[in-house]
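Letter by letter, the chains look like this.
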Amino acid sequence: MLRLLPVLLLLTGCGVLENFNADVNEVGRQIIAHWKERPDVAAAQFEYRHGLDQGESVTVEVLVHADKITPTTVDELVEIARRDYWRGTSRDVGAGYLVYSTDDPPYADKPGEAEPIGQGRIEFDGDPAASYGPRPTRPSK
């Protein structure tokens, strides 16, 4: 009976590996890598949530050096996220971004207290293919 326990746990599904898509996870990694190349970025991270019980979404967060913020900083960071998302996956998943300043950084022990200087959904106006090139196609099954 004890030997069946691991199998039963896998069959009942903990939701951790369900709906995992490597290309969506890679999109988060790519956005973060491109953000970290910028001299105004202090830190960046992403969270990819997936599972039958929670759907599928990716959120990217960036912390920008306060003394290097310009009027176009947030727009430039969002443009990188849009480009990488469009080029990285054929899947349409919920994607959001948060941009913070080092003057008011988020803290793990105080979630929701920092005020982002930019936040929103990664969305497209017009024809993104004209700006970013073709989107990957879904693999056939």
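Residues numbered from 1 in each chain as written. Predicted model: local features only at pLDDT ≥ 70, side-chain atom pairs only at ≥ 80, totals over all residues. Heavy atoms only, no water.

Caption draft 1: Up close: a negative patch on the surface. On the surface, Asp 67, Asp 103, Asp 104 and Glu 115 cluster together into a patch of negative charge. Take Asp 67: it is sitting in the loop between strand 2 (55-64) and helix 3 (73-88). Accessibility expressed as a relative area gives 71% for Asp 67, which makes it exposed. (Patch = residues over 30% accessible without salt bridge, like charges linked within 9 Å, V, L, I, M, F, W, Y side chains within 5 Å. Areas by Shrake-Rupley, 256 points an atom, 1.4 Å probe, with all protein chains shown as cover. Salt bridge = Lys/Arg side-chain N within 4 Å of Asp/Glu carboxyl O. Lys, Arg positive; Asp, Glu negative; His and termini not counted. Charge placed at Lys NZ, Arg CZ, Asp CG, Glu CD. Helix = DSSP H or I, 4+ residues; strand = E, 2+ residues; numbered from the N terminus. Buried < 20%, exposed > 50% of the residue type's maximum accessible area, 1.4 Å probe, protein only.)

Caption draft 2: Seen up close, the environment of Arg 49. When you line up the elements, Arg 49 lands in strand 1 (residues 41-51). Of the polar contacts made by the side chain of Arg 49, one reaches the side chain of Glu 47; its length is 3.2 Å. (Polar contact = N/O pair within 3.5 Å; in protein donor to acceptor, adjacent residues only side chain to side chain.)

Caption draft 3: Region of the structure containing the sheet that holds strand 1. Spatially, 1-2-3-4 is the arrangement adopted by the four strands of the open sheet, whose pairing is mixed. In the strand order of this sheet, the two ends are held by strand 1 and strand 4 (118-121), each with one partner. Neighbour-to-neighbour, the strand axes of this sheet turn through a mean angle of 10°, independent of strand direction. Sheet analysis places strand 1 next to strand 2, joined by 10 bridges and oriented antiparallel. What sits directly across from Tyr 48, in strand 2, is Val 58. The strands touched by helix 2 (residues 22-36) are strand 1 and strand 2; relative to strand 1, the strand with the most contacts, the crossing angle is about 175°. (Pairing = 2+ DSSP bridges. Axes fitted to C-alpha atoms, helices over the stretch in contact; angles between N-to-C directions. Contact = heavy atoms within 4.5 Å.)

Caption draft 4: Geometry of the pattern of salt bridges. Here the structure, examined in full by the defined rule, presents seven salt bridges. Residues Glu 47 and Arg 49 are paired through a salt bridge, measuring 3.2 Å at the closest nitrogen-oxygen approach. A relative accessible area of 39% places Glu 47 in the partly exposed class. Its relative accessible area of 42% is what places Arg 49 among the partly exposed residues. One continuous salt-bridge network, built from bridges that share partners, spans Arg 38, Asp 40 and Glu 76.

Caption draft 5: Quick peek at the side chain of Arg 38. With respect to the helices and strands, the residue Arg 38 is situated in the loop between helix 2 and strand 1. On the accessibility criterion, Arg 38 (17% relative accessible area) is buried. Here the side chain of Arg 38 touches Asp 40 through a polar contact of 2.7 Å, side chain to side chain. If sequence neighbours within four positions are ignored, Arg 38 has contacts with Thr 73, Glu 76, Leu 77 and Ile 80.

Caption draft 6: Inspection of the side chain of Ser 90 at higher detail. Of note, Ser 90 is situated in the loop between helix 3 and strand 3 (94-101). According to the relative accessible area criterion, Ser 90 is buried, its value standing at 14%. Look past the residues within four positions of Ser 90 in its chain and what remains in contact with it is Asp 23, Arg 135, Pro 136, Thr 137 and Arg 138.

Caption draft 7: Expanded view of the packing of helix 2 against helix 3. Running from amino to carboxyl end, helix 2 crosses helix 3 at an angle of 150°, the nearest separation of the two axes being 9 Å. One way to sum up the angle between helix 2 and helix 3 is to call them roughly antiparallel. In this structure, helix 2 crosses over helix 3, and the sense of that crossing is right-handed. Taking contact as the criterion, the partners of Asp 23, Val 27, Gln 30, Ile 31, His 34 and Trp 35 in helix 2 are, on helix 3, Leu 77, Ile 80, Ala 81, Arg 83, Asp 84, Tyr 85 and Gly 88. For the contact of helix 2 with helix 3, the per-class residue count stands at seven nonpolar, three polar and three charged. (Parallel < 35°, antiparallel > 145°, perpendicular 65-115°, else oblique. Left-handed = near helix turned anticlockwise from the far one by under 90°. Nonpolar A, V, L, I, M, F, W, Y, C, P; charged D, E, K, R; others polar.)

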